[in-house]
Amino acid sequence: MANFSSALPSPQSDLAQQTLKNPYVFDFLTLAEDHSERELEIALTKRITQFLLELGAGFAYLGRQVPLQVSDRDFFLDLLFYHTHLHCYVVIELKTGNFEPEYAGKLNFYLKTVDELIRREGDQPTIGLLLCKNSDRLVSEWALSIASSSSKPIQ
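All figures in this text were calculated on a predicted structure; none of them were measured in a lab.

*Asks:* For the pattern of salt bridges, give the residues involved together with the corresponding values.
*Replies:* This structure, assessed with the given rule, holds five salt bridges. Across the salt bridge formed by Lys-95 and Glu-93, the nearest N and O atoms sit 3.3 Å from each other. With respect to burial, Lys-95 and Glu-93 carry one shared label: buried. Between Arg-119 and Asp-115 there is a salt bridge, and its shortest N-O distance comes to 3.6 Å.

As structure tokens, this is what we get:
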């Protein structure tokens, strides 16, 4: 589930939708069924070439556990990429379980932080990818939707 059309301007949202795919298949990893997020992150970066091929053309790997400081607190991005076709940073948040709505809030915080602290003139807004094991489409859609001031309750 992607919210590119509501979160990005038209040319970039269309390109992002075409460039990024769902689902991603990580068959090249050999992890135990109950692996941790850290184990997943390490396995993906050890096999960065296969991971980049699975992500698609244009991704440049910048790092894992990238530190960000906001006020007096430290935060760490699971994975950070730059997309050379979209001209934007891509934050990847890894979750080994099913999608939960609070993951969207955390990812949005990271996107805003990267835009404020790392993004430079000429870069497009940062994109976030939340990679989860499974996702309920309706829960994901509602969690990723942008509230509209003109929204009205269903009668």
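Structure's up, so let's keep going.
*Asks:* Break down the side chain of His-35 for me, with residues and values.
*Replies:* For His-35, the location among the structural elements is in the loop between helix H2 (10-19) and helix H3 (37-46). What makes His-35 buried here is its relative accessible area of 19%. Each residue touching His-35, except ones within four places of it in the same chain, is listed here: Leu-40 and Thr-96.

*Asks:* Go over the environment of Gln-69, please, and point to the residues and values.
*Replies:* Checked against the element boundaries, Gln-69 lands in strand S1 (residues 59-70). The sequence separation of Gln-69 and Thr-113 amounts to 44 residues, and the corresponding C-alpha distance is 8.7 Å. Among all residues touching Gln-69, those that are not within four sequence positions of it are Asp-74 and Leu-117.

Analysis parameters
- Every chain's residues receive numbers from 1 upward, in the order its sequence appears when written.
- Where local features are concerned, this predicted model is filtered to residues with pLDDT of at least 70; where side-chain atom pairs are given and counted, the filter is 80 or more; whole-chain, interface and lining totals use all residues.
- In computing side-chain values, all of the structure's heavy atoms are included and hydrogens and water are not.
- We define a salt bridge as a side-chain nitrogen of Lys or Arg found within 4 Å of a carboxyl oxygen belonging to Asp or Glu.
- Buried, partly exposed and exposed residues are distinguished by accessible area as a fraction of the type maximum, computed with a 1.4 Å probe on protein chains only: under 20%, between the cut-offs, and over 50%, respectively.
- By the criteria applied, helices consist of DSSP H or I runs no shorter than four residues and strands consist of E runs no shorter than two, each listed in order from the N terminus.
- Contacts: residue pairs with any heavy atoms within 4.5 Å of one another.

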